Amino acid sequence: MPNVTVQEAISQALTEEMRRDPRVLMFGEGVATKRYDLVKEFGAQRVRNTPLAEGIIAGTAAGAAATGLRPVVDLLFSPFLCFAMEEIVNSAGKLRYISGGQFSFPMVVMALTGAGWGVGAQHNQNNEAWFVHSPGLKVVMPSTAADFRGLLKAAIRDDNPVVFFSDIALAFESGEVPAGGEIVPIGKAAVRRDGTDVTLISYAKTVHACIKAADRLAEQNISAHVIDLRTLKPLDEETILNAARKTGRVIVVHEASRMCGVGAEVASIVAEKAFSALKAPVIRLTGPDAPAPASFPLEQAFVPQPDAIVEAAVRLVNYGETSAGDQEQRVSLATSL
Amino acid sequence: MPNVTVQEAISQALTEEMRRDPRVLMFGEGVATKRYDLVKEFGAQRVRNTPLAEGIIAGTAAGAAATGLRPVVDLLFSPFLCFAMEEIVNSAGKLRYISGGQFSFPMVVMALTGAGWGVGAQHNQNNEAWFVHSPGLKVVMPSTAADFRGLLKAAIRDDNPVVFFSDIALAFESGEVPAGGEIVPIGKAAVRRDGTDVTLISYAKTVHACIKAADRLAEQNISAHVIDLRTLKPLDEETILNAARKTGRVIVVHEASRMCGVGAEVASIVAEKAFSALKAPVIRLTGPDAPAPASFPLEQAFVPQPDAIVEAAVRLVNYGETSAGDQEQRVSLATSL
Amino acid sequence: MDRQKEKTETNGTQSAAADPAATLLESMMLIRAYEEKLPEIGIKMVCTSVGQEASAAGVVHALSAEDLILTNHRSAGHLIARGADPGKMLAEVMGKSTGYCKGKSGTLHISIKELGIVLTSTIVGGELSLAPGVALSQQQLGRPGIVVCFFGDGAATEGVFHESLNLAAKWNLPILYICENNQWQAYVHRRETMLTDHISTWAAKYGIESLTVDGNDVHAVHAAARVAVDKVRTARKPFFLETYTFRMHGHMEADDQSYVDRQELAAWAAKDPIQRQKERLLREGLLSAEVIAQMETRVRSTIESAVAFAGSSPYPELAELTTEIYA
Amino acid sequence: MDRQKEKTETNGTQSAAADPAATLLESMMLIRAYEEKLPEIGIKMVCTSVGQEASAAGVVHALSAEDLILTNHRSAGHLIARGADPGKMLAEVMGKSTGYCKGKSGTLHISIKELGIVLTSTIVGGELSLAPGVALSQQQLGRPGIVVCFFGDGAATEGVFHESLNLAAKWNLPILYICENNQWQAYVHRRETMLTDHISTWAAKYGIESLTVDGNDVHAVHAAARVAVDKVRTARKPFFLETYTFRMHGHMEADDQSYVDRQELAAWAAKDPIQRQKERLLREGLLSAEVIAQMETRVRSTIESAVAFAGSSPYPELAELTTEIYA
Ligand SMILES: Cc1ncc(C[n+]2csc(CCOP(=O)(O)OP(=O)(O)O)c2C)c(N)n1
Ligand SMILES: Cc1ncc(C[n+]2csc(CCOP(=O)(O)OP(=O)(O)O)c2C)c(N)n1
Ligand SMILES: [Mg+2]
Ligand SMILES: [Mg+2]
């Protein structure tokens, strides 16, 4: 299998889907400049630069989607989605329901997210949970080149609005990508490591931190099961619950801030539906509830690290050996970044 | 204590705070028309109608807050906050941190939220969790007239941006309100019923559903403890955990949709920090993951009802009597609205 | 007379070219009758366009069947002029399953795909944000239809107005923007929100041709709309038409508009578009009082049937709460 | 000469009225030297204003100490012209604790309360959304200062531009809007985003007086800015000044701008504002080559000290990650 970067994987997906379906078109601030290869192949009508106005970019996508096109728009950095919330949430997410099913909104909204480039809080906020919380949307956030390609293709073919987040830190990472047109279905999590003692559930860049942590845990004879959610909405409850029941210990890891984040959702599902299998508290390791700092060492510290995951996992595995109240406190310590 | 409606309580808070502090001013679409009493008392400069443009209303509040005023803005219905996310989240929420503490943003953003008026999905979405998830903001959502008054006063005095949600269904409800200038501190939950068997945690209109459920449960000799969160950010973890540890059974109830909602946060905190005290799964009873319908019977069904809470509580109390896996399934049933 | 009667019964998707006067009048009368019925039967959380019927009838009757419409919260006139069934509209307003959107929309967001009413947004400005995309579909898919986007003077102060017009101008999108400048934005007078009097002057600066027309004169509106539609259809670029009019009722029927200046209201009442059209047609001998009386009867009976239909329709099943969220 | 030298050393909060020519030149030279140093020392994720220095120096030197500034991602010129310490700016860009914002801002959002640079937003349009509120504080609290808001031609296509100008006009807010129309919006040419050439024509329609000035002629900018500042200060209402110029480097230093037309770039290079000002001052005998050489030396040494200061400054403590979130 060829090794390609995440950026290349995204380009491949766009090219292949635009070839397959003439209704697919793409626009955004600088899209035609940065993806000039697409302009050459598909023409200036299907690949467009836009004025600097996220609201109308997303609104235009929604209007076009409702009437026969399948737009993909690039809104650059996730905080800029703030300017397009009305169009994504109130229009694309709700108008199908409001219209009693008369219209559908096959569109993809792309955005970069997360720490890694030192761009500061107005370019870096992991706000994927907002869209998970909103009705009528799907939310995708891959961690491997193959998934970027396969899930973007699936998103473009989906008849619903999909918010597709690319973790900035992964842009230049590479991985094996199947040569064919493999689709990765929306709504299916992936098991990245099979393990029996503790389940690490994550998505995007922190999946890699979990895998590193799993390697280190293996050295301590702790067998970690690693789940990559890939799709945040709809969530793959089955895979989450199977893993939780299997190990009885769950740590959810993500860079987004904790309160009402995806980790809260996963932990709640586990605490409700796998309760009897739990051997220890469900814990979350997340970025702090702070705007993202630009300063390099602060930005690094913002992201949950393998060490913290290892430490939390060890505590969870040892949970129950001393008095419970005390244990919880010690477990919780590890999670307060 | 005088009995006043929620609307009157809000008016009292605004009037008193504007009297107390000349830096407080208020503006929004129709504010000067609808609060003409304030115009008469404080003049047209301090109480203003605005153009129909939520973004600049919130942005103007943020700019004014950073430079010496203490603005209160009314953005009408919560879905309209979508047009002001940039100003609330990226500016008001982050610019203090980004500036290294040079500026602060003492401002209040008010909005109506929730089911009750049949206004449909573009006027009705409970999006409070978005703001809880975002750094630098506080979020308040009272359930009684006294708290509306006391918390709005606290919000106006707070040096940080506060998003203040008023549940539509409560607007004409009345309650006793202390005559003095009592402040209700931001960040403190209230215990509405003291109980020992099961804890019901809620906020806004569904607090009243929980109280009704507690009454009915009492008839079945089940003693329910009812917590009204009142402030959603910062969350009063101590009160939540004390209640969870006391009863060992927790149900979180709100109208907002489930995924990544405030209920997810509360359930996760409990599952992490009160784990050893838990006697049963932590469950959530929420509105469906759907746009809000306008049709009256559908809108009613959208809101978690006392019956469902009673049913869930009974199941939780009986949990553990038969085989666990089976129980979880039965408990979960009650939560899938 | 027979030919004319036939005309008045066709729906708004047909051009009113041949003998528009009667068509336009009856269309306005039907809108008025429908909207005035609502508070009568206890529906007060609804925004009516009483006094603005000339804008709806004049514009919509200038369209062809292939044209698409986007509109806002004050949409009943646009829908009825387009030929919507008042019964299914009323059913929707009442949240009944027989409504155009199965009761899920309610009064504020009725869309009717089969009539080309593609999207109705009650987020003020929502229609403006969606319009360029609808027009982009027409452009990319080579469809002949144009897109008509109705919105108010209030919507013009939302940022998305600026974004929508600028994009439409730059991308040559076939959109006819209709700004119904009715002097009010809920509880705020237009004068409190801008220094300019006409929104059409705003449009011009984007490089979009624009015009203001007396929005209470259905002939003037219709004539201007026909020219505008023609331009958009031929030149495949946007045009901006402002219909200058007045909101005669409160923001919603429940609103007593005690804050509205009585003199201003009275001055506009004297320009009532329906009365004006009736008088003109009688004066010019184009219609007899008898024919007008027949129209009134027809309209009344249509509305009575609508009330009966909607009233006796069932509410949706509770299972509908979570259907039609995803495609 | 002595008086003049003294002048050039005062910071930008002082009016350059008495003998502005030298002040303006040295201010531009310092901006250029600072910005060109960044890529030299490996800082490439930064937006420089090379070629646009006349806009920054010309406008900022027309302000008084009590005036407040809001700016955007391309702000170094505005900050330096206002008298910011290049060392503390560079420290901020490098994320050091000695930076103006303790390293939390980084390159994009430096604000400096003590110099009246109240807020810098790198959300394009953020400065436009905040400006009316800052001006409202001036108005309500009876402060004499005016508010200057710098933004680009790209920001002018965001909806919030429309909302900001309309509100400022209606509320008579003392804002001097400075649109630095540098023909580019990151990777998109301005012409791809609008049909009009001058943003000032957009401003006029809100009832705001506006003017376009040659943004590469520091004298012209300064003269226009002095008039504009005066109008805003006296009339207490907004004014809109467009400085028509060109972005000579890529969007960020890391951007090779291979997509930029070489002829357009060359045509603008010939209008370099610093070169132009030097030539004019020499030609008119207002400055000698020797004095200019002294300026160059001074500027170089200022920048060298800045690099030394920032380079040797420590990073913030990790505890800083969660401080200064709430007041
Ligand atoms: C984004 C948004 N803000 C506010 C409202 C509340 N609202 C509904 S209609 C209206 C006034 C609209 O004025 P205009 O656009 O002139 O239309 P009109 O009602 O006069 O027809 C307002 C403020 C809304 N629905 N959406
Ligand atoms: C809301 C938002 N959208 C997009 C961006 C990314 N971005 C940063 S600068 C820029 C171009 C800005 O153009 P202009 O306003 O003309 O300023 P210039 O860079 O030319 O000085 C873009 C698209 C952003 N920072 N914020
Ligand atoms: Mg209006
Ligand atoms: Mg520019």
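Quantities reported herein were computed from a predicted structural model and do not represent experimental measurements.

Rules used in this analysis
- Residues numbered from 1 in each chain as written.
- Chains lettered and ligands numbered in written order.
- Predicted model: local features only at pLDDT ≥ 70, side-chain atom pairs only at ≥ 80, totals over all residues.
- Heavy atoms only, no water.
- Near = heavy atom within 4 Å.
- Polar contact = N/O pair within 3.5 Å; in protein donor to acceptor, adjacent residues only side chain to side chain.
- Areas by Shrake-Rupley, 256 points an atom, 1.4 Å probe, with all protein chains shown as cover.
- Nonpolar A, V, L, I, M, F, W, Y, C, P; charged D, E, K, R; others polar.
- Contact = heavy atoms within 4.5 Å.
- Buried area = accessible area lost by both parts, 1.4 Å probe.
- Salt bridge = Lys/Arg side-chain N within 4 Å of Asp/Glu carboxyl O.
- Helix = DSSP H or I, 4+ residues; strand = E, 2+ residues; numbered from the N terminus.
- Buried < 20%, exposed > 50% of the residue type's maximum accessible area, 1.4 Å probe, protein only.
- Pairing = 2+ DSSP bridges.
- Axes fitted to C-alpha atoms, helices over the stretch in contact; angles between N-to-C directions.
- Expected span 1.5 Å × (residues − 1).
- Arc of directions from axis to C-beta.

**Q** How would you summarise the site of ligand 2 if you had to cite specific residues and measurements?
**A** Close to ligand 2 lie 21 residues; Glu54 of chain A together with His73, Arg74, Gly154 and Trp184 of chain D are nearest. Neighbouring residues of ligand 2 are not confined to a single chain but are spread across chains A and D. Asp153 of chain D is positioned such that a nitrogen or oxygen atom in its side chain is 2.8 Å from an oxygen atom of ligand 2. A total of 580 Å² of accessible area belongs to ligand 2 in isolation, and the protein chains cover 96% of it. Its residues assigned to classes, the shell around ligand 2 shows 8 nonpolar, 8 polar and 5 charged.

**Q** For the interface of chain A and chain B, give the residues involved together with the corresponding values.
**A** Quite often, the size of an interface is put as the accessible area lost when its parts meet. With 65 residues of chain A in contact, the opposing surface of chain B contributes 65 residues. At the boundary of chain A with chain B, total buried surface from both sides reaches about 5200 Å², with 58% on carbon and sulfur atoms. On inspection of chain A and its partner chain B, the count reaches 4 salt bridges. We note a salt bridge from Arg284 of chain A to Glu265 of chain B, for which the minimum N-O separation is 2.8 Å. Applying the counting rule to chain A against chain B returns 28 residue pairs in polar contact (both at pLDDT 80 or more). Of all elements in the fold, only helix H5 (85–92), helix H6 (95–98), helix H7 (128–133), strand S12 (231–233), strand S13 (250–257), helix H11 (262–273), strand S14 (283–287) and helix H14 (324–333) of chain A reach the threshold of two or more residues within the side of chain A that touches chain B.

**Q** Give me the lowdown on the environment of Thr206 of chain A, citing residues and values where you can.
**A** All names here are of chain A. Position of Thr206 among the secondary structure elements: in helix H9 (residues 205–219). The exposure class assigned to Thr206 is buried, which follows from its relative accessible area of 1%. The sequence separation of Thr206 and Pro304 amounts to 98 residues, and the corresponding C-alpha distance is 7.0 Å. Those residues within four positions of Thr206 in sequence are excluded, and the remaining contacts are Val253, His254, Glu255, Val303 and Pro304. A polar atom in the side chain of Thr206 sits 2.7 Å from the side chain of Ser202.

**Q** Account for the sheet that holds strand S7 (residues 162–167) of chain B, with residues named and values stated.
**A** Residues and elements named next belong to chain B. Here we have 7 strands laid out as an open sheet, ordered S3-S2-S4-S5-S7-S6-S12, and mixed in their pairing. If you trace the sheet from one side to the other, it starts and ends with strand S3 (47–49) and strand S12 (231–233), each paired once. Within this sheet the neighbouring strands show an average axis-to-axis angle of 20°, counted without direction. Strand contacts of helix H1 (residues 6–20): strand S2 (24–28), S3, strand S4 (70–77), strand S5 (108–113) and S7, with the helix running at about 135° to S2, the strand carrying the most contacts.

**Q** So what about the interface of chain A and chain D? Which residues, and what values?
**A** Contacts between chain A and chain D engage 30 residues on the former and 31 residues on the latter. When chain A packs against chain D, close to 2400 Å² is buried across both sides, 71% of that on carbon and sulfur atoms. Area buried by chain A at its contact with chain D is led by Leu52, Gln122 and Leu298 of chain A, which between them contribute 27% of it. On inspection of chain A and its partner chain D, the count reaches 0 salt bridges. Scanning the region where chain A abuts chain D turns up 10 residue pairs in polar contact (both at pLDDT 80 or more). The residue makeup of the side of chain A that touches chain D, split by class, is 18 nonpolar, 8 polar and 4 charged.

**Q** Tell me about helix H9 (residues 218–235) of chain D, and name the residues and values.
**A** All names here are of chain D. Relative to the 26 Å expected for 18 residues at 1.5 Å per residue, H9 spans 25 Å between its end C-alpha atoms, a close match to the ideal helical length. Those residues of H9 that sit buried are Val218, Val221, His222, Ala224, Ala225, Ala228, Val229 and Val232. The buried side chains of H9 occupy one side of the element, clustering within an arc of 165° when seen end-on. Capping the start of H9 is the job of one residue whose side-chain oxygen sits 3.0 Å from the backbone nitrogen of His219: Asp217. Just beyond H9, the residue with positive phi is Arg236, at close to 50°.

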